[in-house]
Amino acid sequence: MIEIRGLHKYFGALHVLRGIDLDVPKGEVLSVIGASGSGKSTLLYCINGLEPIQKGAIRVDGTDVHAKGTNLNKLRQRMGMVFQQWNSFPHLTALENVALAPRIVKGKSRAEAREIAAYQLQHVGLGDKLNAYPNALSGGQQQRLAIARALAMEPDYMLFDEATSALDPELVGEVLDTMRVLAEEGMTMICVTHEMGFARDVSDRVAYFHEGVIAEIGPPTQIFGAPRSELTRKFLAKVR
Amino acid sequence: MQSGINVFTSFGTNDIWFMAQAAWRTLMISAVSIALGTLLGVICGWLLHEGRILAAVLLAPLLDAFRSVPLIIQLVLFYNFAPIIGLNLDPFASGVIVLTLYTAALVANVAQGGMQAVGVPMRRAARSLGMSYWQDLRYVVFPIGARAVFPSWVGVALGVMKDSALVSVLGYVELLRASQILITRTQEPLLIISIAGAFYFALSYPISRYAAKVEKRWVQ
Amino acid sequence: MFDYNFHWRPVFKSVPDLLDAGLLTLQVAILSMLIGIVIGLGLAVIRMNMRGPLYWFATSWVELARNTPALFQLFFFGFGLGAFGLHLTPYTIVLAGLSFNCAGYLAENFRGGFQAVPDTQRRAGLSLGMTSWQVYTRILIPQVFRIVYHPLTNQLVWAVLMSSLGMLVGFRELSGETQFFASRTYRIFEYFAVTAVIYYVLVKLILLASRLLAVRLFRY
């Protein structure tokens, strides 16, 4: 379970997150929507410990992410993260991309790591691209490669930071399908997304971010069917 | 600890004057070579860019040779070759000739890059306005190209300034040779070598910083 | 030509010795490059991530190496250190001077290389639970090496050319050996002409080897 309490985050003078309280229980798929600059992506970076926070606390399975003694490397193994820019490692093949972290972070043998990697690449539909270098893959394929890379660490949580927004429109579908499969398998997911269809069909809950606070959170039927906040209504009217 | 007759004399004001003169000679030979070499190099760069087969076959390998053989070897070679063809040159003249050719070889590359940076569409635009070839070169290619490669040119010029120290092998008493002479006499290596180093640094550092700043501003 | 008689026979007889000296040149150049790469990487990482005394140490190194003549750096290791009672052998002087110089220039290349790798690569590595060390060695540095591969090759060529300064500190690499023979036989021009050719071939071989290596190294 991910617990967020009274979270504040500044970039210099800029107050990006202005008091976030949020619980994400195991098995839930949470979609986070909102205008760009509303702090959605920053929240993910804070959960993963990639950005320091100024106030409040984030606990993952009871471990305080930003406490002094926390072993972030250990903690991050439990949280897979997929970024907007599909940053596959360009100097490694697809198989090596996925096998690297299990080998050097988890200490698996070379053979074992490759086995895991091959399995996960199969899982995201790249079984025939094991030895391809990223520059030979399309954006959608590279993004699925990034998903496989995160899954190979056998994480308990997956954080998606606008995983499809840098993709050409015709490539979005294949990545969303992969995410859908994960959701059906019971993975706990936090998805920052602009894909309203995905948020409506796949998530258990949807959170609408507005200027650094959660303006409204609830099941998709509520958010998309009968939003309680005027802000949510306005936002949805604009994006649709 | 000092005993017996001291054959060494300590570092004095005369020696500062001696080093200042040597520094002036370093500046002189560098300035003349950089100026002449840049002129020649720009012409060579233009030939490489515009000239067709002849430049590619003859000029390019020649310039390449200057960049593939140590400068010190070039200096010794030329200094010993000149008398063979009946030229009697002093170290300064020999140094200037070799440094100029060396500078030209480096500048040619830079200049060629500058002309390529201007791009064909820009030049077509200029010609379409009715400019002649030379007007295009004078008013479009040169100003734009020079701007693009100014920082690289500064790098080449500073490199030549530092490399001018090698003319000492011909017996030209520039700054480092002067330091060596003084060190032998005064036995104060650290002080003298530091003064020489400080001179080069004081000249090179501000200029290279300035070029880096200019580059940053032009990139934006 | 004129009244000079070229004598090539003694020169050709010493070609095997010159080639041996050429190997020594290559050895000292490659060694100083390897040392320079390790130190240069360290200097670049320090300059990007640290403040305080370490930053100033690294910055001073880089700026001194880039803004003073290589010959000055060699002299410093040659007789500058003599002030501290440290007398290095000619081989060590050249190796230390060249390594110092290479490290300074390479540090700047590496810094540019690191800046050219998107920050998201670092984040992706961290998000997989890698330590900073693992992110550097497994993700960033391999990519940086590809980016700076060409400048790295150029630096090796420079190291070969610069090692000719060994001649001025009594090191018998290719240039020093040539001078040794030349001063014994007074066939200065002939000897240095042959040496110039050897340097030229050496440089071309390095460029060729570098190109072949690149094909094997960078399959992506």
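In this text, all values refer to a predicted model and were calculated from it rather than measured experimentally. (Residues numbered from 1 in each chain as written. Chains lettered and ligands numbered in written order. Predicted model: local features only at pLDDT ≥ 70, side-chain atom pairs only at ≥ 80, totals over all residues. Heavy atoms only, no water.)

All names here are of chain A. Read across the open sheet, the four strands follow the order β2-β1-β4-β5; overall the sheet is antiparallel. Edge positions in the sheet fall to β2 (14-24) and β5 (63-64), since each has one partner strand and no second. In this sheet, strand β4 (residues 55-60) lies alongside strand β1 (residues 2-11) in antiparallel orientation, the contact comprising five bridges. The residue of β4 that forms the bridge with R5 is A57. The strands touched by helix α1 (residues 40-47) within the sheet are β1, β2 and β4, with β1 carrying the most contacts at an inclination of about 115°. (Pairing = 2+ DSSP bridges. Helix = DSSP H or I, 4+ residues; strand = E, 2+ residues; numbered from the N terminus. Contact = heavy atoms within 4.5 Å. Axes fitted to C-alpha atoms, helices over the stretch in contact; angles between N-to-C directions.)

Of the residues lining the interface, 32 residues belong to chain B; the matching set on chain C comes to 36 residues. For the pair chain B and chain C, the two sides together bury roughly 3,100 Å², of which 79% comes from carbon and sulfur. Summed over the shared surface of chain B and chain C, the result is one salt bridge. Of the charged contacts, one joins B:D64 and C:K204 as a salt bridge, the two residues approaching to 2.5 Å between their closest N and O atoms. At the junction of chain B and chain C, the tally comes to six residue pairs in polar contact (both at pLDDT 80 or more). In terms of residue count, the dominant contributor to the side of chain B that touches chain C is helix α8 (residues 189-219) of chain B (nine residues). Per-class residue counts for the side of chain B that touches chain C are 22 nonpolar, seven polar and three charged. (Buried area = accessible area lost by both parts, 1.4 Å probe. Salt bridge = Lys/Arg side-chain N within 4 Å of Asp/Glu carboxyl O. Polar contact = N/O pair within 3.5 Å; in protein donor to acceptor, adjacent residues only side chain to side chain. Nonpolar A, V, L, I, M, F, W, Y, C, P; charged D, E, K, R; others polar.)

All names here are of chain B. Approximately 510 Å³ is the volume found for the second largest pocket. Contributing to the lining of the second largest pocket are 21 residues, with V42, A111, M115, F142 and A146 lying nearest its centre. Mapped by element, the contributors of at least two residues to the lining of the second largest pocket are α1 (13-50), α4 (91-118) and α6 (133-163). Counting residues per element, the lining of the second largest pocket draws most heavily on α6, at ten residues. Taken together, the residues of the lining of the second largest pocket break down into 17 nonpolar, three polar and one charged. (1 Å grid on protein atoms, 1.4 Å probe; cavity = no way out; pocket = protein on both sides within 12 Å on 5 of 7 lines; lining within 4 Å. Points joined across faces, edges and corners; volume = space filled by probe spheres on them.)

Looking now at a nonpolar patch on the surface. On the surface, C:V197, C:V201, C:L205, C:L208 and C:L212 cluster together to form a nonpolar patch covering roughly 470 Å² of accessible area. Summarising the element assignment, C:V197 is placed in helix α10 (residues 188-217). (Patch = residues over 30% accessible without salt bridge, like charges linked within 9 Å, V, L, I, M, F, W, Y side chains within 5 Å. Areas by Shrake-Rupley, 256 points an atom, 1.4 Å probe, with all protein chains shown as cover.)

So, about the confidence of the model for chain C. Residue and element names in this part refer to chain C. Looking at chain C, the pLDDT average stands at 91 and 98% of residues meet or exceed 70. Across chain C, the element-wise mean pLDDT spans from 83 in helix α1 (residues 9-13) up to 96 in helix α3 (residues 53-67). Here the prediction assigns the complex a pTM of 0.85, and the interface score ipTM is 0.90. (pLDDT = per-residue confidence, 0-100.)

Time to look at the sheet that holds strand β8 (residues 188-192) of chain A. Think of a sheet as strands paired side by side through backbone hydrogen bonds, with each pair either parallel or antiparallel. Residues and elements named next belong to chain A. A sheet is described by the order of its strands in space; here six strands give the open sequence β6-β7-β8-β3-β9-β10, paired in mixed fashion. In the strand order of this sheet, the two ends are held by β6 (79-82) and β10 (213-218), each with one partner. Going from strand to strand, the sheet's axes swing by 15° on average, the running direction of each strand aside. As defined by bridge partners, strand β7 (residues 157-161) adjoins β8 across five bridges and the pair is classed as parallel. Residue pairing across strands places M158 opposite M189, the latter belonging to β8.

What follows is about empty space enclosed by the protein. The method is simple in principle: a probe with the dimensions of a water molecule rolls over the atoms, and the space it marks as empty is what remains. Counted under the stated rule, the structure contains one cavity of 30 Å³ or more. In this model, the largest cavity occupies a volume close to 30 Å³. As for the largest cavity, its lining consists of A:M81, A:V82, A:A146, A:R149, A:A150, C:A124, C:S127 and C:L128. The set of elements that each furnish at least two residues to the lining of the largest cavity consists of β6 and α5 (139-151) of chain A together with α6 (119-127) of chain C. When residues in the lining of the largest cavity are grouped by element, the largest group, three residues, is from α5(A).

Before going further, it helps to examine the packing of helix α5 (residues 120-128) of chain B against α6(B). Residues and elements named next belong to chain B. The contact between α5 and α6 brings their axes to 10 Å, and the two run at 140°. The angle between the axes of α5 and α6 places the two elements in the oblique class. In this structure, the crossing between α5 and α6 has a hand that is right-handed. Across the interface between the two elements, M122, R123, A126 and R127 of α5 pack against Y133, D136, L137, V140, V141 and I144 of α6. For the contact of α5 with α6, the residue count by class is seven nonpolar, no polar and three charged. (Parallel < 35°, antiparallel > 145°, perpendicular 65-115°, else oblique. Left-handed = near helix turned anticlockwise from the far one by under 90°.)

A few words now on the nonpolar core. Formed by 150 residues in total, the largest nonpolar core has its most connected members in A:I4, A:I20, A:L43, A:I47, A:I190, C:F110 and C:M130. Counting residues in each nonpolar core, the second largest holds 37 residues, with A:A113, A:A146, A:A148 and A:A163 among its members. (Core = buried A, V, L, I, M, F, W, Y, C linked by side-chain atoms within 4.5 Å. Buried < 20%, exposed > 50% of the residue type's maximum accessible area, 1.4 Å probe, protein only.)

Moving on to the arrangement of the chains. For the two pairs of chains in contact, the largest share of contacts goes to chains B and C. Spatially, chain A and chain B are disjoint, and the shortest separation between their C-alpha atoms is 24 Å.

Before going further, it helps to examine the pattern of salt bridges. The final tally for this structure, using the stated rule, is 21 salt bridges over all chains. Two residues, B:R185 and B:D15, come together in a salt bridge whose shortest N-O distance is 3.0 Å. Placement of the pair is B:R185 in helix α7 (residues 175-186) and B:D15 in helix α1, with a sequence separation of 170 residues. Classification of B:D15 by relative accessible area gives buried; the value is 6%. Two residues, C:E108 and C:R111, come together in a salt bridge whose shortest N-O distance is 3.1 Å. Taken as a pair, C:E108 and C:R111 lie in helix α5 (residues 90-116) at a separation of three residues, close to a single helical turn. Here the salt bridges do not stand alone but share partners, grouping A:K9, A:E51 and C:R123 into one network.

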